[in-house]
Amino acid sequence: MMSANWKKDSFPSPEVQKGYYAQMLQKQIADTKVGAVGSDAIDFTQNDTAGHAVALSSFKGKYVLVDFWASWCGPCRMENPNVVTTYKKLRQELHGTGCFPRQGQGPLVKAIKDDGLAWTQVSDLKFWYNEVAVKYHIQSIPQNFLIDPNGKIVGRNLRGQDLEAKLCELLVVIIN
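**Q** Now, about the pairing of strand β5 (residues 120-123): what can you tell me, with residues and values included?
**A** Side chains of β5 alternate between two faces, with Thr120 and Val122 and Gln121 and Ser123 buried alike. Of the strand pairs in this sheet, strand β1 (residues 45-48) and β5 are connected by two bridges, and their pairing is antiparallel. Counted as the bridge partner of Asp48 is Val122 from β5.

**Q** Describe the layout of surface pockets, listing the residues and the values that go with them.
**A** The space that makes up the largest pocket amounts to roughly 170 Å³. Along the wall of the largest pocket there are 15 residues; nearest its centre are Leu56, Ser57, Lys60, Ile147 and Gly151.

**Q** I'd like to hear about the state of the cysteines, residue by residue, with values.
**A** Under the defined criterion, the tally for this structure stands at one disulfide. Two residues, Cys73 and Cys76, share a disulfide whose sulfurs are 2.4 Å apart. Judged by the sign of its S-S torsion, about 75°, the cystine formed by Cys73 and Cys76 is right-handed. The burial state of Cys73 is the same as that of Cys76; both residues are buried.

Cut-offs applied
- Residues numbered from 1 in each chain as written.
- Predicted model: local features only at pLDDT ≥ 70, side-chain atom pairs only at ≥ 80, totals over all residues.
- Heavy atoms only, no water.
- Buried < 20%, exposed > 50% of the residue type's maximum accessible area, 1.4 Å probe, protein only.
- Helix = DSSP H or I, 4+ residues; strand = E, 2+ residues; numbered from the N terminus.
- Pairing = 2+ DSSP bridges.
- 1 Å grid on protein atoms, 1.4 Å probe; cavity = no way out; pocket = protein on both sides within 12 Å on 5 of 7 lines; lining within 4 Å.
- Points joined across faces, edges and corners; volume = space filled by probe spheres on them.
- Disulfide = S-S within 2.5 Å.

Below, the structure written as structure tokens:
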């Protein structure tokens, strides 16, 4: 039982806050905020398939879908037709940026062509150590982030019709 003198602000004590488990818990809490809806997107620059540096911030002013995928990922490839359909309908408002944690570029370029992905694809080809994947704490794929024209994350892991529905919802707000 806590005494009547207990103060909410003094618990846990500074000593406890410096402990191993408290530090681990604080890091886990901070990590959950990375890429959260409502937070600022983390800017990055990586090379596209032609070797040109592309920065996320260069797309400011448009909605951007940052999509983490790989040519060998079955669920990623099954989702690509949905993204292509949405992109074709809303390409005036949406730009896609695919981030692929892939070690080799050959299969990726083939998948881009086969799946009809007409938007920018970037990577540093470091597989799971891809700089962008590390910044966004990506541990499995597919994953995506929908970023608004001001650089705020407004959607995460939108699949199927959810991507198109979210964009339409956001665009109606802009129009009205």
